[in-house]
Amino acid sequence: MNFKADWSFLEKISMGAVSSKEVVRQLNSCGHNVIELERYSTSNKIWSTKIKRLRLPDLICLKCGCRIESRAKSKLDVRMSDNENNPDRRWDAGLGDHDVVAFIQCSHEGDNWFPGSETNYFEARNMRASVGFSKLGPAKSAGEGAERDRIWPTCIPKKNGTVKDIIESDEKYQIKLEYEDGSKYTYSLKKEKGYHVYCSVGDIFKANEYMIAGAPDEKKDMHTCSITYNFLNDLSSDSKEVRYAGVKALGYLEKKQEYVDALYDLKNHEQDDRIKLEIYSSLIRLGEDLWDEFYNYAMDLEEQMYRFEYVLILGELSDADVASDMLCRLALDSSLDTELRSAAAWGIAVKNDYVKKIIEISSCDDDNVAAHAMAHIIENYDNDLMEYLVESITDDISGGIVLKILTESEMVAPDKLVNLYSNCTSEDQKKWCSMIIGLRGKDMFASLENAIELVSTERFLMIKDLWNYSESSVDQYRSGAIDFLRKQSL
């Protein structure tokens, strides 16, 4: 991966990840049980390896089977990227008639994105039926065949308020609004332009979040979830996308032997490597001991992108020690591709038993792999790890790595750090603990100065000097890479 960081791209995918997570939260609060269908759709991690995925919506409900494509918008509208010359890049590629597109407004403040509290849902069939009322924007780039935005007409109030009245005639709708500031406004919408009304009298709306009217003939009501979907039927579908969705969903359901038997049957004759990888994943989730077979199958695949997908799946399964053990082995294997090793380092479970391995990976000669390991443990740090981190210090290399982790992590407990410093028996560990205390800054240890001084007067003088110093011993390249990677931890 090239760490001349594309911060603008990171901002864009961060908006999408934050919004997808909010869509999941909102739907699950209404009784749905939504998970990722498209891997990494709720993550902002950037990888250079491009995986030729199936065209799938982002999310799926394990109860009703509804598939949801999440669309975050800094300025809310019904807008989809389209390429009329490429069937795989059409706005509705991969969307079934009853798949739902979720449009949610997202605001940028400082370094963070904040999703709106209102999501607007439309079934793909209603968007297709009204596509004649949509318009294409300019090409997004100069190249031939570039994608363009397809935009459906919508009405979105710009201030908080209430719908006071709706008047319909043969030619138009009039929607009368009263805003919180006392002002009033009337939308006059011609039916010949394709408009349909989505609101009712008395509806309360938030500024820039709520579509009160638009061209698709109706919104999809997602506030209840009462249907029980049978994913077993999907395994026999001719559609790869449907089979994949069924395979993935079954792995997240309560184990039934009929699910296991059906997945084994499909594993024996499935030809698509992407689906077969997911079959192994689901069978393992259901308790089948296929770890070695899965490893051998995946690592024998010719295409690098599928081996990379295997590593991402292991990261999802890393709470199991066998998965984290495999990830450690892959991350330390210098014969493998750098990004595959980086993905392995990124996926290891950050828990006590793996601290020493993560420190070992952080000290490897490959900057990308090392930076991923360090950023991963920094972003997933908790104070239960502190003792194990200090114990892993055996030389200046491991000491510098632990220093970086404990000076960058936000949740370091100062009293615990001072206690470890006081009780260190290793001079290397004591030296690096004192440097960590110094580089964390005086404010953190204001009430602990006496305890620090009691350990060693000589070291206390050095700590006081460091309280005005801010650079660690991890080299400049890795520091920059780690900072960029830490932003990719949604």
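Conventions used here
- Residues numbered from 1 in each chain as written.
- Predicted model: local features only at pLDDT ≥ 70, side-chain atom pairs only at ≥ 80, totals over all residues.
- Heavy atoms only, no water.
- Helix = DSSP H or I, 4+ residues; strand = E, 2+ residues; numbered from the N terminus.
- Buried < 20%, exposed > 50% of the residue type's maximum accessible area, 1.4 Å probe, protein only.
- Areas by Shrake-Rupley, 256 points an atom, 1.4 Å probe, with all protein chains shown as cover.
- Pairing = 2+ DSSP bridges.
- Axes fitted to C-alpha atoms, helices over the stretch in contact; angles between N-to-C directions.
- pLDDT = per-residue confidence, 0-100.
- Contact = heavy atoms within 4.5 Å.
- 1 Å grid on protein atoms, 1.4 Å probe; cavity = no way out; pocket = protein on both sides within 12 Å on 5 of 7 lines; lining within 4 Å.
- Points joined across faces, edges and corners; volume = space filled by probe spheres on them.
- Nonpolar A, V, L, I, M, F, W, Y, C, P; charged D, E, K, R; others polar.
- Patch = residues over 30% accessible without salt bridge, like charges linked within 9 Å, V, L, I, M, F, W, Y side chains within 5 Å.
- Salt bridge = Lys/Arg side-chain N within 4 Å of Asp/Glu carboxyl O.
- Lys, Arg positive; Asp, Glu negative; His and termini not counted.
- Charge placed at Lys NZ, Arg CZ, Asp CG, Glu CD.
- Parallel < 35°, antiparallel > 145°, perpendicular 65-115°, else oblique.
- Left-handed = near helix turned anticlockwise from the far one by under 90°.

K.L.:
Could you give an account of the overall build of the protein, with specific residues and numbers?
P.N.:
A count of helices and strands for the protein gives 18 helices and 15 strands. Considered along the principal axes of its C-alpha atoms, the protein spans approximately 90 × 65 × 45 Å. Counting over 490 residues, the protein shows a buried share of 52%. Surface exposure of the protein reaches about 23100 Å², of which carbon and sulfur atoms provide 44%.

K.L.:
Quick rundown of the sheet that holds strand β15 (residues 213-214)? Include the residues and the values.
P.N.:
Strand pairing in a sheet is mediated by backbone hydrogen bonds. Such pairs are either parallel or antiparallel. Overall, antiparallel pairing links the 3 strands, which are arranged β9-β15-β13 in an open sheet. For this open sheet the edge positions go to β9 (154-155) and β13 (196-197), each flanked by a neighbour on one side alone. By the bridge criterion, 2 bridges tie β13 to β15 in an arrangement that is antiparallel. Along β15, the bridge assignment pairs H196 with G214.

K.L.:
How would you summarise the sheet that holds strand β4 (residues 78-82) if you had to cite specific residues and measurements?
P.N.:
Judged by pairing direction, the sheet is antiparallel, and its 3 strands sit side by side in the order β4-β8-β7 without closing on themselves. Edge positions in the sheet fall to β4 and β7 (135-139), since each has one partner strand and no second. Put simply, the sheet's adjacent strands are angled 25 degrees from each other on average, direction ignored. Of the strand pairs in this sheet, β4 and strand β8 (residues 148-152) are connected by 5 bridges, and their pairing is antiparallel. Among the inter-strand pairings, R79 is bridged to a residue of β8, identified as I151.

K.L.:
Give a detailed account of unusual backbone geometry, specifying residues and quantitative values.
P.N.:
Although it is not a glycine, Y40 adopts a positive phi angle of roughly 75 degrees. The topology assignment puts Y40 in the loop between β1 (34-36) and β2 (59-61). One non-glycine residue, N208, adopts positive backbone phi at about 65 degrees. Note on placement: N208 falls in the loop between β14 (204-205) and β15.

K.L.:
Outline the confidence of the model for the protein, listing residues and values.
P.N.:
Averaged over all residues, the pLDDT of the protein is 92; the fraction at 70 or higher stands at 94%. Confidence over residues 1-5 falls short of pLDDT 50; this stretch has 14 contacts with residues more than four positions distant or in other chains. Taken as a whole, residues 470-474 scores under 50 in pLDDT and shows 13 contacts with residues more than four places along the chain or in a different chain.

K.L.:
Explain empty space enclosed by the protein residue by residue, including any values.
P.N.:
Using a probe with the size of a water molecule, rolled over the atoms, empty space left in the structure can be pinpointed. Enumeration according to the criterion identifies 1 cavity of 30 Å³ or more in this entry. Taken together, L37, E38, I51, R53, L54, L56, Y244, R274, L277, E278 and E309 make up the full set of residues lining the largest cavity. Looking at which element gives the most residues to the lining of the largest cavity, the answer is helix α5 (residues 273-285), with 3 residues. The residue inventory of the lining of the largest cavity, partitioned by class, reads 6 nonpolar, no polar and 5 charged.

K.L.:
A description of the packing of helix α10 (residues 355-362) against helix α11 (residues 367-379) should follow, citing residues and the corresponding values.
P.N.:
Packed helices, taken two at a time, are described by their axes: the angle between them and the distance between them. Running from N to C, α10 and α11 cross one another at 145 degrees; their axes reach a closest spacing of 7 Å. Residues I358, I361 and S362 of α10 lie in contact with α11, whose contacting residues are V369, A370, A373, M374 and I377. Within the contact of α10 with α11, the residues separate by chemical class into 7 nonpolar, 1 polar and no charged.

K.L.:
Hey, could you go over a positive patch on the surface for me, with residue numbers and the actual values?
P.N.:
On the surface, K135, K172, K190 and K193 cluster together into a patch of positive charge. With respect to the element layout, K135 can be found in strand β7.

K.L.:
Describe helix α3 (residues 240-250), listing the residues and the values that go with them.
P.N.:
Most of α3 sits inside the fold, with 8 of its 11 residues counted as buried. By the burial criterion, the buried members of α3 are R243, Y244, A245, G246, V247, K248, A249 and L250. Contact partners of the buried residues in α3: β1, β2, β3 (67-73), α4 (257-269) and α5.

K.L.:
Go over the packing of helix α14 (residues 414-423) against helix α15 (residues 427-440) with me, naming the residues and quoting the values.
P.N.:
Remark: α14 packs on α15, axes separated minimally by 9 Å, with the N-to-C direction vectors making an angle of 150 degrees. When the axes of α14 and α15 are compared, the pair comes out roughly antiparallel. You can see that α14 and α15 cross each other, and the crossing is left-handed. Facing L417, V418, Y421 and S422 of α14, the residues of α15 in contact are K430, C433, S434, I436 and I437.

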